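Listed below, chain by chain, are the residues.
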Amino acid sequence: MELPAKTFRVTRADLIRYAGASGDFNPIHWSDRFATKVGLPGVIAHGMFTMALVGRAITEWAGSPDAVVEYGVRFTRPVVVPDDDQGTEIEVSARVREVTEDGLTRLDVTATCLGEKVLSQARATIRTTR
Amino acid sequence: MSLDPSFVGRTYPPTAPYQVGREKIREFATAIGATDPAHHDVEAAQALGHPDLVAPPTFPVIVTMAASNQIVEDPALGMDYSRVVHGDQRFAYTRPVVAGDELVCTNTIEDVSTRGGHGFLTTRTDVTTVGGEPVVAVWSKIVVRGEA
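Conventions used here
- Residues numbered from 1 in each chain as written.
- Chains lettered and ligands numbered in written order.
- Predicted model: local features only at pLDDT ≥ 70, side-chain atom pairs only at ≥ 80, totals over all residues.
- Heavy atoms only, no water.
- UniProt positions renumbered as here; feature names shortened; annotations may be inferred.
- Helix = DSSP H or I, 4+ residues; strand = E, 2+ residues; numbered from the N terminus.
- Buried < 20%, exposed > 50% of the residue type's maximum accessible area, 1.4 Å probe, protein only.
- Contact = heavy atoms within 4.5 Å.
- Buried area = accessible area lost by both parts, 1.4 Å probe.
- Salt bridge = Lys/Arg side-chain N within 4 Å of Asp/Glu carboxyl O.
- Polar contact = N/O pair within 3.5 Å; in protein donor to acceptor, adjacent residues only side chain to side chain.
- Pairing = 2+ DSSP bridges.

So, the UniProt feature "domain: MaoC-like" (unreviewed entry) in chain A
Logical step 1: Here the UniProt-annotated "domain: MaoC-like" (unreviewed entry) positions come out as residues 6–104 of chain A.
Logical step 2: Structurally, residues 6–104 of chain A comprises 33% helix and 26% strand, and the distance from its first C-alpha atom to its last is 22 Å.

In C-alpha coordinates form, the structure reads like this:
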(Lines give C-alpha, C1' and ligand atoms only; values in the text may rest on other atoms or scores of the structure.)
Protein backbone atom coordinates (compact mmCIF):
# COMPACT_ATOMS: atom_id res chain seq x y z
CA MET A 1 0.00 0.00 0.00
CA GLU A 2 1.28 3.45 -0.96
CA LEU A 3 0.88 6.32 1.48
CA PRO A 4 0.03 9.83 0.22
CA ALA A 5 3.20 11.72 -0.78
CA LYS A 6 4.19 14.84 1.13
CA THR A 7 6.28 17.76 -0.08
CA PHE A 8 8.48 19.92 2.14
CA ARG A 9 9.93 23.23 1.00
CA VAL A 10 13.41 23.97 2.33
CA THR A 11 14.93 27.46 2.26
CA ARG A 12 18.13 28.93 3.66
CA ALA A 13 16.10 30.40 6.54
CA ASP A 14 14.98 26.86 7.45
CA LEU A 15 18.61 25.71 7.60
CA ILE A 16 19.60 28.61 9.86
CA ARG A 17 16.65 27.88 12.16
CA TYR A 18 17.52 24.18 12.25
CA ALA A 19 21.19 24.97 12.95
CA GLY A 20 20.18 27.00 15.99
CA ALA A 21 17.63 24.50 17.25
CA SER A 22 19.88 21.46 16.80
CA GLY A 23 23.25 22.99 17.67
CA ASP A 24 24.77 21.83 14.36
CA PHE A 25 26.63 24.91 13.13
CA ASN A 26 28.75 23.21 10.47
CA PRO A 27 29.36 26.03 7.92
CA ILE A 28 28.55 23.76 4.95
CA HIS A 29 24.92 24.41 6.00
CA TRP A 30 25.09 28.23 5.85
CA SER A 31 28.21 29.44 4.00
CA ASP A 32 28.53 29.09 0.21
CA ARG A 33 32.14 30.15 0.51
CA PHE A 34 32.91 27.30 2.90
CA ALA A 35 30.72 24.72 1.13
CA THR A 36 32.33 25.30 -2.27
CA LYS A 37 35.80 25.28 -0.71
CA VAL A 38 35.23 21.70 0.48
CA GLY A 39 33.96 20.62 -2.94
CA LEU A 40 30.19 20.90 -2.53
CA PRO A 41 28.05 22.62 -5.17
CA GLY A 42 26.84 25.09 -2.53
CA VAL A 43 25.15 25.17 0.86
CA ILE A 44 23.46 21.84 1.62
CA ALA A 45 20.76 20.93 4.11
CA HIS A 46 21.75 19.11 7.29
CA GLY A 47 21.18 15.40 6.69
CA MET A 48 19.45 15.38 10.05
CA PHE A 49 17.11 18.15 8.86
CA THR A 50 16.05 16.00 5.92
CA MET A 51 15.68 13.07 8.33
CA ALA A 52 13.55 15.26 10.63
CA LEU A 53 11.22 16.29 7.77
CA VAL A 54 10.84 12.65 6.74
CA GLY A 55 10.18 11.88 10.41
CA ARG A 56 7.37 14.43 10.33
CA ALA A 57 5.87 12.64 7.34
CA ILE A 58 6.10 9.35 9.22
CA THR A 59 4.42 10.64 12.38
CA GLU A 60 1.73 12.30 10.26
CA TRP A 61 1.06 9.03 8.43
CA ALA A 62 1.01 7.24 11.79
CA GLY A 63 -1.44 9.81 13.12
CA SER A 64 0.50 10.21 16.35
CA PRO A 65 3.73 11.98 17.33
CA ASP A 66 4.83 9.13 19.63
CA ALA A 67 4.23 6.17 17.32
CA VAL A 68 7.73 5.67 15.90
CA VAL A 69 9.47 2.58 17.27
CA GLU A 70 12.41 2.48 14.91
CA TYR A 71 13.65 4.84 12.20
CA GLY A 72 16.80 4.72 10.09
CA VAL A 73 18.19 6.20 6.88
CA ARG A 74 21.31 6.30 4.74
CA PHE A 75 22.28 9.69 3.33
CA THR A 76 23.14 9.18 -0.33
CA ARG A 77 23.03 12.61 -1.95
CA PRO A 78 23.20 16.15 -0.57
CA VAL A 79 20.16 18.43 -0.71
CA VAL A 80 21.48 21.67 -2.24
CA VAL A 81 19.54 24.72 -1.05
CA PRO A 82 19.92 27.83 -3.24
CA ASP A 83 20.03 31.30 -1.68
CA ASP A 84 16.66 32.51 -2.97
CA ASP A 85 13.07 32.71 -1.75
CA GLN A 86 12.05 29.37 -3.29
CA GLY A 87 14.84 27.20 -1.90
CA THR A 88 14.20 23.59 -2.91
CA GLU A 89 11.71 20.82 -2.26
CA ILE A 90 11.95 17.38 -0.71
CA GLU A 91 9.26 14.92 -1.72
CA VAL A 92 8.55 12.03 0.63
CA SER A 93 6.53 8.92 -0.11
CA ALA A 94 6.24 5.52 1.53
CA ARG A 95 4.97 2.04 1.03
CA VAL A 96 3.76 -0.34 3.72
CA ARG A 97 6.14 -3.30 3.65
CA GLU A 98 4.67 -5.34 6.49
CA VAL A 99 2.03 -5.25 9.20
CA THR A 100 2.93 -7.53 12.09
CA GLU A 101 0.55 -9.41 14.36
CA ASP A 102 1.67 -7.35 17.35
CA GLY A 103 0.50 -4.07 15.85
CA LEU A 104 3.64 -2.79 14.15
CA THR A 105 3.73 -1.38 10.63
CA ARG A 106 6.99 -1.33 8.70
CA LEU A 107 7.41 1.36 6.06
CA ASP A 108 9.85 1.71 3.18
CA VAL A 109 10.31 5.44 2.65
CA THR A 110 11.53 7.34 -0.41
CA ALA A 111 12.79 10.92 -0.27
CA THR A 112 13.73 12.80 -3.43
CA CYS A 113 14.98 16.27 -4.33
CA LEU A 114 14.79 17.42 -7.97
CA GLY A 115 13.85 13.84 -8.91
CA GLU A 116 16.93 12.25 -7.32
CA LYS A 117 16.84 10.04 -4.25
CA VAL A 118 18.55 11.72 -1.30
CA LEU A 119 18.12 8.77 1.09
CA SER A 120 18.41 5.04 0.70
CA GLN A 121 17.43 2.24 3.06
CA ALA A 122 15.00 4.67 4.68
CA ARG A 123 12.82 2.54 6.91
CA ALA A 124 10.54 3.12 9.83
CA THR A 125 8.54 0.95 12.17
CA ILE A 126 5.46 2.53 13.67
CA ARG A 127 3.06 1.29 16.31
CA THR A 128 -0.41 1.30 14.87
CA THR A 129 -2.30 0.12 17.94
CA ARG A 130 -2.14 1.88 21.26
CA MET B 1 42.22 8.31 5.90
CA SER B 2 42.97 5.38 8.13
CA LEU B 3 41.18 4.93 11.44
CA ASP B 4 42.63 2.66 14.08
CA PRO B 5 40.60 -0.62 14.03
CA SER B 6 41.67 -1.40 17.59
CA PHE B 7 38.98 1.10 18.70
CA VAL B 8 36.18 -1.38 17.84
CA GLY B 9 34.33 -2.35 21.00
CA ARG B 10 35.58 0.60 23.00
CA THR B 11 32.97 2.10 25.33
CA TYR B 12 33.37 5.62 26.67
CA PRO B 13 32.35 6.83 30.15
CA PRO B 14 28.72 8.06 30.44
CA THR B 15 28.27 11.74 29.57
CA ALA B 16 27.05 14.42 31.98
CA PRO B 17 23.23 14.52 32.11
CA TYR B 18 21.37 16.55 29.47
CA GLN B 19 18.24 18.21 30.84
CA VAL B 20 15.45 18.12 28.22
CA GLY B 21 13.57 21.42 28.46
CA ARG B 22 10.08 22.26 27.21
CA GLU B 23 11.32 25.28 25.29
CA LYS B 24 14.02 23.23 23.53
CA ILE B 25 11.39 20.72 22.39
CA ARG B 26 9.16 23.58 21.18
CA GLU B 27 12.10 25.27 19.42
CA PHE B 28 13.19 22.04 17.71
CA ALA B 29 9.62 21.14 16.70
CA THR B 30 9.12 24.64 15.27
CA ALA B 31 12.40 24.44 13.34
CA ILE B 32 11.26 21.27 11.58
CA GLY B 33 7.67 22.50 11.13
CA ALA B 34 6.21 19.86 13.46
CA THR B 35 2.93 21.36 14.60
CA ASP B 36 1.44 18.43 16.49
CA PRO B 37 0.14 19.83 19.79
CA ALA B 38 1.96 17.13 21.79
CA HIS B 39 5.24 18.93 20.97
CA HIS B 40 3.93 22.30 22.15
CA ASP B 41 1.09 21.89 24.64
CA VAL B 42 1.61 20.00 27.89
CA GLU B 43 -2.06 19.04 28.23
CA ALA B 44 -2.07 17.58 24.71
CA ALA B 45 1.01 15.50 25.56
CA GLN B 46 -0.57 14.34 28.80
CA ALA B 47 -3.73 13.36 26.94
CA LEU B 48 -1.55 10.87 25.03
CA GLY B 49 -0.32 9.46 28.34
CA HIS B 50 3.01 11.28 28.57
CA PRO B 51 4.20 13.20 31.63
CA ASP B 52 5.21 16.27 29.60
CA LEU B 53 5.88 17.54 26.04
CA VAL B 54 6.87 14.81 23.56
CA ALA B 55 10.02 15.39 21.49
CA PRO B 56 9.99 14.68 17.73
CA PRO B 57 11.69 11.39 16.71
CA THR B 58 15.03 12.91 15.67
CA PHE B 59 15.31 15.21 18.71
CA PRO B 60 17.76 12.83 20.46
CA VAL B 61 20.42 13.79 17.90
CA ILE B 62 20.87 17.06 19.80
CA VAL B 63 22.04 15.02 22.76
CA THR B 64 23.96 12.32 20.90
CA MET B 65 25.78 14.70 18.57
CA ALA B 66 27.16 16.61 21.54
CA ALA B 67 28.02 13.31 23.22
CA SER B 68 29.86 12.04 20.14
CA ASN B 69 32.50 14.76 20.58
CA GLN B 70 33.96 12.35 23.09
CA ILE B 71 34.82 10.08 20.15
CA VAL B 72 35.53 12.44 17.27
CA GLU B 73 37.76 14.61 19.47
CA ASP B 74 39.62 11.63 20.91
CA PRO B 75 43.17 12.44 19.77
CA ALA B 76 44.08 8.75 19.85
CA LEU B 77 41.51 8.01 17.12
CA GLY B 78 43.02 10.72 14.91
CA MET B 79 39.93 11.84 13.02
CA ASP B 80 39.98 14.89 10.74
CA TYR B 81 36.49 16.22 11.45
CA SER B 82 36.61 18.68 8.54
CA ARG B 83 36.50 15.68 6.19
CA VAL B 84 33.54 13.97 7.86
CA VAL B 85 30.20 13.38 6.17
CA HIS B 86 27.16 11.69 7.65
CA GLY B 87 26.57 8.19 6.30
CA ASP B 88 23.76 6.45 8.19
CA GLN B 89 21.57 7.28 11.13
CA ARG B 90 19.17 5.03 13.02
CA PHE B 91 17.07 5.31 16.18
CA ALA B 92 15.42 2.46 18.12
CA TYR B 93 13.06 3.85 20.75
CA THR B 94 12.03 2.31 24.03
CA ARG B 95 9.86 5.39 24.50
CA PRO B 96 9.83 8.97 23.16
CA VAL B 97 12.00 11.60 24.83
CA VAL B 98 9.84 13.89 26.97
CA ALA B 99 10.46 17.24 28.64
CA GLY B 100 11.96 16.80 32.08
CA ASP B 101 14.10 13.83 31.06
CA GLU B 102 17.68 13.93 32.26
CA LEU B 103 19.53 11.93 29.63
CA VAL B 104 22.89 10.25 29.83
CA CYS B 105 24.72 8.90 26.75
CA THR B 106 27.02 5.91 26.68
CA ASN B 107 29.02 5.72 23.44
CA THR B 108 30.38 2.50 22.01
CA ILE B 109 32.40 2.15 18.83
CA GLU B 110 30.76 -0.71 16.93
CA ASP B 111 32.79 -0.70 13.75
CA VAL B 112 35.82 0.93 12.18
CA SER B 113 36.88 0.24 8.63
CA THR B 114 38.76 1.74 5.70
CA ARG B 115 37.61 1.15 2.14
CA GLY B 116 38.56 2.90 -1.06
CA GLY B 117 40.64 5.41 0.85
CA HIS B 118 37.71 6.45 3.04
CA GLY B 119 37.35 5.77 6.76
CA PHE B 120 34.04 4.52 8.20
CA LEU B 121 33.09 4.74 11.86
CA THR B 122 29.89 3.29 13.33
CA THR B 123 28.94 4.30 16.83
CA ARG B 124 26.12 3.19 19.07
CA THR B 125 24.87 5.58 21.73
CA ASP B 126 22.68 4.18 24.48
CA VAL B 127 20.56 7.03 25.79
CA THR B 128 19.14 6.40 29.25
CA THR B 129 17.73 8.48 32.08
CA VAL B 130 20.02 9.28 34.99
CA GLY B 131 18.16 6.48 36.78
CA GLY B 132 19.28 4.00 34.11
CA GLU B 133 15.93 3.64 32.31
CA PRO B 134 16.57 2.99 28.59
CA VAL B 135 15.02 5.62 26.29
CA VAL B 136 16.53 5.26 22.83
CA ALA B 137 19.49 3.58 21.16
CA VAL B 138 21.09 5.62 18.39
CA TRP B 139 23.42 4.37 15.68
CA SER B 140 25.44 6.72 13.55
CA LYS B 141 27.84 5.96 10.73
CA ILE B 142 30.18 8.67 9.61
CA VAL B 143 32.49 8.68 6.64
CA VAL B 144 35.88 10.38 6.74
CA ARG B 145 36.60 11.23 3.12
CA GLY B 146 40.07 10.39 1.89
CA GLU B 147 42.32 13.00 0.33
CA ALA B 148 41.29 13.31 -3.32
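Here we look at helix H1 (residues 12–22) of chain A
Logical step 1: Among the residues of H1(A), those classed as buried are Arg12(A), Asp14(A), Leu15(A), Tyr18(A), Ala19(A), Ala21(A) and Ser22(A).
Logical step 2: Elements in contact with the buried residues of H1(A): strand E1 (2–10), helix H2 (32–37) and helix H3 (47–62) of chain A together with helix H1 (22–31) and helix H3 (60–67) of chain B.
Logical step 3: Immediately beyond the C-terminal end of H1(A), within one or two residues, lies Gly23(A), with a positive phi of roughly 85°.

Things to note about the interface of chain A and chain B
Logical step 1: With 27 residues of chain A at the contact, the number on the chain B side is 29 residues.
Logical step 2: Buried surface at the junction of chain A and chain B, summed over both partners, amounts to about 2,400 Å²; 59% is from carbon and sulfur atoms.
Logical step 3: It is Ala21(A), Met48(A) and Pro65(A) that lose the most area in chain A upon contact with chain B, and together they represent 23% of the buried surface on that side.
Logical step 4: For Asp88(B), the salt bridge goes to Arg74(A), with nearest N and O atoms at 2.9 Å.
Logical step 5: Counting every contact that joins chain A to chain B gives 10 residue pairs in polar contact (both at pLDDT 80 or more).
Logical step 6: Secondary structure elements with two or more residues in the side of chain A that touches chain B: H1, H3 and strand E2 (68–75) of chain A.
Logical step 7: With 8 residues, E2(A) is the largest single contributor of residues to the side of chain A that touches chain B.
Logical step 8: Bridge analysis of E2(A) against strand E2 (residues 84–93) of chain B gives 5 bridges, and the strand direction is antiparallel. Residue pairing for E2(B): Glu70(A) is matched across the bridge by Ala92(B).

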